[in-house]
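# Commentary on secondary and tertiary structure
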Amino acid sequence: MALFPISSHFHGDFVLKLVPVDTENTMAEVALAAAEHSVGIHVPDQPGKVIRARAQGATEPYPTDLRLGDAGLQPTETVEFYFE
């Protein structure tokens, strides 16, 4: 377990956010952590929709059960989040 900062780019938000997460978090947990800083603040909530994460510029999302520590990200690297 290690604290790991990511840069969150949530679709529809105009501000990148630095979000502290843990290397043991799944991408589903990372997405929820990112949502806390954007959804309901700069991004309207979309109840019932799943929040997905992908590498910046990628077309395919990370698997929701992938551990952050296994994603190959560097500290403060940007991850895109969006409602699926």
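Description of the structure in this document.

Definitions and cut-offs
- Throughout, a residue's number is its position along its own chain's written sequence, starting from 1.
- Given that this is a predicted model, residues contribute local features only at a pLDDT of at least 70 and side-chain atom pairs are listed and counted only at 80 or more, while totals for whole chains, interfaces and linings are drawn from all residues.
- Calculated side-chain values reflect all of the structure's heavy atoms, with hydrogen atoms and water omitted.
- Think of a 1 Å grid over just the protein atoms. A cavity is a set of points where a 1.4 Å probe fits yet cannot get out, a pocket is an open set with protein on both sides within 12 Å along at least five of seven lines, and lining residues have an atom within 4 Å of a point.
- Grid points are joined across faces, edges and corners, and a volume is the space filled by probe spheres set on the points.
- Helix and strand definitions follow DSSP, with helices as H or I runs of at least four residues and strands as E runs of at least two, each counted in order from the N terminus.
- Each residue receives one of three labels: charged for Asp, Glu, Lys and Arg, nonpolar for Ala, Val, Leu, Ile, Met, Phe, Trp, Tyr, Cys and Pro, and polar for the others, Gly being one of them.
- Note on pairing: DSSP must find at least two bridges between two strands before they are called paired.
- Fitted lines through C-alpha atoms give the axes, limited to the stretch in contact for helices. The angle between two N-to-C directions lies from 0 to 180 degrees.
- Two rings from Phe, Tyr or Trp (for Trp, the six-membered ring) form a pair when their centres sit within 6.5 Å of each other. Planes less than 30 degrees apart are called stacked, planes more than 60 degrees apart edge-to-face, and all others tilted.
- Residue burial is assigned from relative accessible area. The probe radius is 1.4 Å, only protein chains are included, and a residue is buried under 20% of its type maximum, exposed over 50%, and partly exposed in between.
- Two conditions define a charge sitting above a ring: the NZ of Lys or the CZ of Arg must be within 6 Å of the ring centre, and it must be within 35 degrees of the ring normal.

## Looking at empty space enclosed by the protein
Tallying each qualifying case throughout the model produces one cavity of 30 Å³ or more. Of the volumes computed, that of the largest cavity is approximately 30 Å³. What lines the largest cavity is simply Met-27, Ala-28, Ile-51, Arg-52, Ala-53, Tyr-62 and Thr-64. For the lining of the largest cavity, the elements supplying multiple residues, two or more each, are helix H1 (27-35) and strand E3 (51-55). Considering each element in turn, the lining of the largest cavity owes the most residues, three residues, to E3. Considered class by class, the residues forming the lining of the largest cavity number five nonpolar, one polar and one charged.

## Comments concerning the sheet that holds strand E2 (residues 17-22)
With mixed pairing, the four strands of this open sheet are ordered in space as E2-E1-E4-E3. Unpaired on one side and paired on the other, E2 and E3 mark the two borders of the sheet. Direction aside, neighbouring strands of the sheet carry axes that sit 40° apart on average. Two elements, E3 and strand E4 (residues 78-83), share five bridges in a ladder whose sense is antiparallel. Considered in E4, the bridge of Arg-54 is made with Glu-80.

## Quick word on the packing of aromatic side chains
All chains considered together, the criterion is met by two aromatic pairs. With a centroid separation of 6.4 Å and 20° between ring planes, the pair formed by Phe-10 and Phe-81 is classed as stacked. You can see Phe-10 sitting in strand E1 (residues 3-10) and its partner Phe-81 sitting in strand E4, a full 71 residues away along the chain. Look at Phe-10 and Phe-83: their rings are 5.6 Å apart centre to centre, the planes differ by 65°, and that puts the pair in the edge-to-face class. You can see Phe-10 sitting in strand E1 and its partner Phe-83 sitting in strand E4, a full 73 residues away along the chain. Taken as a pair, Phe-10 and Phe-83 share a single burial class, namely buried. Taken together, Phe-10, Phe-81 and Phe-83 form an aromatic cluster joined through their ring pairs. In this structure, Arg-54 is placed above the aromatic ring of Tyr-82, and the distance from its NZ or CZ to the ring centre is 4.3 Å.

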